[in-house]
Every structure is written in structure tokens, then in C-alpha cells.
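Working through the structure, step by step
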Amino acid sequence: MAQQLTLVAKLRQRVEEQGESPAFIFRSQHDGRYVLSWNKLYRLAGRFAAVLNSSGLGRGHLVVNTLVNSPERAVCEAGIWLSGAASVNGHCQMADGSDLLHTLRVSRASALLVDPDVSNSPWNVLTKYVSVGEDDSVTSSDLTNLKKLFFIRRVEGGGPKDFISHLEAQNDWFQADDITPETILSVFATSGSTGFSKLVVYTHRDYIQFGQAVFFDKLPDLQNIDMRHFFTTAPFGWLGGYVGMGVVNSATIITCDVRSGGQPKDMADLIFEVLGKEKCNHALISPVYLSELLQLAKIRNAKTDSNAEAQMSDESKLNVLYLGGLPITRPMVAAALSLTHLVLVGYGATDFSIVSKHIVADSETFVDHDTGPPIEGVSVKVVSQDDEETALPVNQTGHILVKGLKINPGYLSDPKLKTDDYLNKDGFFRTQDVGRLDERGHLIVDGRGNDAIMRGPYIFYPSWMESCIRACPGVRDVIITGVPDPLVNEELCACVVMESDSVTLEEVRHFVEKEVVTTEDDPLSPRPRYYLEFQSFPMTDSGKPKRKVIKVQATERLQCSD
């Protein structure tokens, strides 16, 4: 039974039971449709595991994976499982690569997977820091642990340089025999957008428990629902979108092939098309696409009924749509229910796994920010913001503490982060979120209790980007704050103090999109959506900017400009 608590065992089980059935279906506007069956995934993953093994990589080694959602990423992740090594999500969304470099340094990774041919490739950043030998060995005075580089290319028409074609032509295959439930599976970054992230260790057991809890555990409404075709917009490197989700839950994962042509500019059109053609029955879709999807549904229905509402027909709707990662409001649920029969709302984080969830079928009964009751095996406390020892009564707002599936955050190799800073004496994790427990026992999560901004499924740490923007010529100071948004909870607003009138906000925006972020065409990109000029910032007696006051002022100014 214990051996089933590894993704390697789960993958073998899927191969035995489903064989040529699709494990992944990738859709793109350029290359159409690519199917990766369970057999093919297992075969190619074992061959990549043999490549890793021949390079001296296995249990105890970390491999940073920078690949975008694609067949190549899925094969590489599964190959890392089979080799016994562990992956580290290598997001690189800052133009100078500081986020990726931080991950490489902190993780002390031995190897790196990179596609040098994609737009804004992390390789463009790394060429300044590493020297590569003929066998793709790496030397670097800055990244001393990094020893091996793997170029994962896609070549039209195949050939020896094409990653998938190259593996298909190989015969070597490998699977480590010492993989246990406690073997490290992957290291996830706590911030999916930017900032100097905490790196959280997940074992095979940790992730399987998370994946099972997200889909099915203790929700009777889901037990008899077809959930075999799961569409997701989530990145493969994010805990909620990880490659192993379909392996754990025997689901076909349907997603967009971002390697083919990059992030589609008309993503909502692609999502709408894929949901119908692939007969998806449950999905995780970022709220940023909801309004466009509703408009597309209205246009489609209007072709047959001029009085049609902005919603799909009952037979076209999803069975379940997942919403989470940010405070969910009644309008969000109402919009989602135009696309699905049921909405699954939940609360969790990379640090402490899944905490609570519930099913919503009627937006009129939904309470804003309700994440449902704690799942079985999880305890929640709401304590005074001034005194952690004081548990608050029903409906009083305070700091949220949790204890359950993943108690120890397991931060990796960073001396600045101590477990004791996040766990209290009773083993409860300090989430840094603010909320309350209501009379039903449901957890109402209002947001972050510090300066972090909750935008969509990501938590954004503003100080890092602020330091980058201060380097813009003509900028004296900047504060990035969150302003309310009906779909993503908070949008980023850059509040800027100029040196003189010779610099405009548009010039600052251009600097940010050229010098700071690398994904300006992605609606999930962490760049600011709004820019406001301030003559000065309100300050505390100790000379620090009053961020809460600036947030209120920015919100009021933007509301007045609507």
C-alpha cells in the first residue's frame, strides 16, 4: 500500500489500466492538437530518466525546470520522477532573471532544463553567468552547484535536435528502485509570479495527499460526477497545476501548449474552443478569463436565440469549475455558474497544502470570501492580531492559523527562513492571512495580513519590483499596491513620485515592460496594470511610507477616473 504513495507507482498503474488513453492533450492555435498517451509518457519519461542517470543525476539531486506548459515539460517532469531526482520550478518572469538566479542559488541545483529557442528564454539571462562545455557541462563562479545543462528543443519536422524525436530514437530506459513515499518529488516556489520566493519541499506522499484532497475527499456531490477530462490554465510548475495531478486522479489533463507560439493573445477564444471540442467536464480556469468566456458564450447563443443570456447551455456546461487562490466573491461565482453546474471553492497554499473547500450551486446563497469548512484532518484557529494566544469567537476577524496535511513548510536551503518563524508552539502554521470562522464553521478568508498582494492565483511581493522601478531614470520613489478588481481580487498599481516633469508615466510603463518583466503579453504577468503619479507619499514618524493609506488613495483615484 505504501508504494502507491509515489507518483512512479501511480504512473505505472495508469499505464497498466489505460495504456493508449490520453494522459495529456495539448492544444494550440498554431500546431493544433498533440496527444501524449500514458504509454508514450511512460516510455519517453523512462528514456529521459536514463539520460539523467547517465549524467550522474538521481536521488538527492535537484533539477531546475524552466520549461513552459508543453509535451516536453510533461515528459521531463515524469522523467525526473523515474530517475529518483526532484524538480524545482524555475520561473523566470523578471527581465534580469533575478527570480531564476535566486532559485538556482538557494536550491543549489545540480542541473537545469532550458529551451533556448523560445521568446524571452531564461537562457538569454543565464549566458552571462555560465560557461558551457561540449558535453553541456556547466562551470560558473556564481552558481557553483550547477554542473549540467539540458537543452530541451522543439524542431519542426523532428530530427536529432528535437527533444521528443531524439528520445523516440533511443533504447536506454531507466527507473530508480529506491523511490519511497518520503522521497522528495518537487520543490515549489511560494510566489508563482515574482519575488524572492520561499522554496517548499514536497515528497511523493505530500503531493499525492494534496492531489486527492483537491479533487474528491469528503465531497459527496462529486462522487458520481464524470471528472475524467480536466482542462487547466495553471502552469505545470505551480502546485495547483502540477504535472502529477492527472496521475494522482486518473484524469486526462487538457491544457494549452504554450511552447507553440507562446502565450496566445486571444487565450479566451482558445479556451472556449478547447472546452467544447475536448468535451471537458471539469476545469481550473484563471478568473481573468471569465468575462471574455461569458461574452463568447453570449455570442454563440445569440446565433440561435436573440434573447440568449451570457451562459452556456446545460449540455455544454462543465460539471465543476475550480475557483481558488484568491478571495472569491458572489459576482465571480455567478459568472462561473454561467459556464458550469457546480463551482468548487477552496483555500490552501504551497506552504500548508489544502485547508478547506466546498461546492456552490447557487450564487445567491454564497457569502463573499467563503472557502468552506476545514477538510478532514485539518484544524483552523483564528487568533487576535495582537496576541496569538487569544483564539477569537465566531465572526471575529484575526490571523488564520492552520494545522493538517502538511504541517512543516520544509523551506529549502535558505538560512534567512526558519521553520520556527512560521510554526507556533502547538504546531500551527502562521498563514499570514486574515479571516474569520462563521457560525457554520466555514472559513472566510479576506486576504493577506501583510504587504503582499493577492492577484489571481498568485501572491505578489511588491518590494522586489519597487527596487527595480526605482532604477528607471527620473523616478524618485515608487510604491506598488493592490487595488480592488472584481476578477483577480487585486490588480497591481504603481504609485510613482517623479524627479521632475521631464519624465511621464508612459515612459515609466515602457521601462517596466522592457526592463523588468518578460511576459507583457500574458494576462497573468506580474506587471502593474495601473500607474498613478504622486507628489509625495504619506510617511510614518519613523520615515516609512504608509502603505495602507497609499492603497486607499490609489483606489479612490482610480474609482474617480472610471
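In what follows, the structure referred to is the one given above.
Let me sum up the structure you'll find in this document.

Parameters and conventions
- Residues numbered from 1 in each chain as written.
- Predicted model: local features only at pLDDT ≥ 70, side-chain atom pairs only at ≥ 80, totals over all residues.
- Heavy atoms only, no water.
- Helix = DSSP H or I, 4+ residues; strand = E, 2+ residues; numbered from the N terminus.
- Contact = heavy atoms within 4.5 Å.
- Pairing = 2+ DSSP bridges.
- Axes fitted to C-alpha atoms, helices over the stretch in contact; angles between N-to-C directions.
- Core = buried A, V, L, I, M, F, W, Y, C linked by side-chain atoms within 4.5 Å.
- Buried < 20%, exposed > 50% of the residue type's maximum accessible area, 1.4 Å probe, protein only.
- Polar contact = N/O pair within 3.5 Å; in protein donor to acceptor, adjacent residues only side chain to side chain.
- Phe/Tyr/Trp six-rings, centres within 6.5 Å; stacked < 30°, edge-to-face > 60°.
- 1 Å grid on protein atoms, 1.4 Å probe; cavity = no way out; pocket = protein on both sides within 12 Å on 5 of 7 lines; lining within 4 Å.
- Points joined across faces, edges and corners; volume = space filled by probe spheres on them.
- Right-handed = clockwise from strand over helix to strand, strands pointing away.

Glancing now at the environment of Glu491. Inspection of the secondary structure puts Glu491 in strand S24 (residues 489-498). Separated by 35 residues in sequence, Glu491 and Gly456 have C-alpha atoms that sit 8.7 Å apart. Non-local contacts of Glu491, meaning those with residues more than four positions away in its chain, are made with Arg455, Thr481, Gly482, Val483, Asp485, Arg529 and Tyr530.

Glancing now at the sheet that holds strand S4 (residues 86-89). If you trace the six strands from one edge of the open sheet to the other, you get S8-S5-S3-S4-S9-S10, paired in mixed fashion. The open sheet terminates on both sides in strands that have one partner only, identified here as strand S8 (148-151) and strand S10 (199-203). Ignoring strand direction, the axes of neighbouring strands in this sheet form an average angle of 20°. Helix H7 (residues 204-215) contacts strand S9 (184-189) and S10 of the sheet and is inclined by roughly 90° relative to S10.

Once that is clear, we can look at the nonpolar core. In this structure, Leu7, Leu11, Phe24, Leu41, Trp81, Tyr207 and Tyr322 are the most contacted members of the largest nonpolar core, which totals 80 residues. Core analysis: the second largest hydrophobic core is formed by 38 residues, Ile25, Leu294, Leu323 and Leu339 among them.

As a further point, take the sheet that holds strand S19 (residues 429-437). Ordered by their spatial adjacency, four strands build an open sheet running S17-S18-S19-S20, and the pairing between neighbours is antiparallel. Every interior strand has two partners, whereas the edge strands, strand S17 (379-383) and strand S20 (443-448), have only one. The average undirected angle you get between the axes of adjacent strands in this sheet is 45°. Sheet topology places S19 next to S20; five bridges connect them, and they run antiparallel. For Arg436, the partnering residue across the bridge sits in S20 and is Ile444.

So, on to the environment of Glu388. Inspection of the secondary structure puts Glu388 in the loop between S17 and strand S18 (398-403). With sequence-adjacent residues up to four places away left out, Glu388 is seen in contact with Val383, Leu401, Asn424 and Arg430. Only 2.5 Å separates the side chain of Glu388 from the side chain of Arg430, close enough to count as a polar contact.

Under the counting rule described, the total for this entry stands at 17 aromatic pairs. Ring plane angle 70° and centroid distance 5.6 Å describe the contact between Phe230 and Tyr322, whose orientation is recorded as edge-to-face. A residue pair is termed long-range when its members are at least 10 positions apart, and Phe230 in strand S11 (residues 229-232) and Tyr322 in strand S14 (residues 318-323) qualify at 92 residues. Residue Tyr322 is classed as buried on the basis of its relative accessible area of 7%. Ring geometry for Tyr422 and Phe429: centres 5.9 Å apart, planes at 10°, overall stacked. Aromatic ring contacts, followed pair by pair, group Trp81, Phe188, Tyr202, Tyr207, Phe210 and Tyr242 into a single cluster.

Its boundaries defined by the atoms lining it, the second largest pocket holds a volume of some 450 Å³. Residue lining of the second largest pocket: 19 residues in total, with Arg448, Asn450, Ala452, Glu490 and Lys551 positioned closest to the centre. Those elements that provide at least two residues to the lining of the second largest pocket are S20, strand S21 (453-455), strand S23 (475-485), S24 and helix H14 (547-561).

The next point concerns the pairing of S4. In the case of a regular strand, side chains alternate between the two sheet surfaces. The two faces of S4 match: Ala86 and Val88 on one face and Ser87 and Asn89 on the other face are all buried. Here strand S3 (residues 62-65) pairs with S4 via four bridges, running parallel. The residue of S4 that forms the bridge with Asn65 is Asn89. Tracing the backbone out of S3, into helix H3 (residues 71-83) and back to the parallel element S4 gives a crossover that is right-handed. Sheet analysis places S4 next to S9, joined by two bridges and oriented parallel. What sits directly across from Val88, in S9, is Val187.

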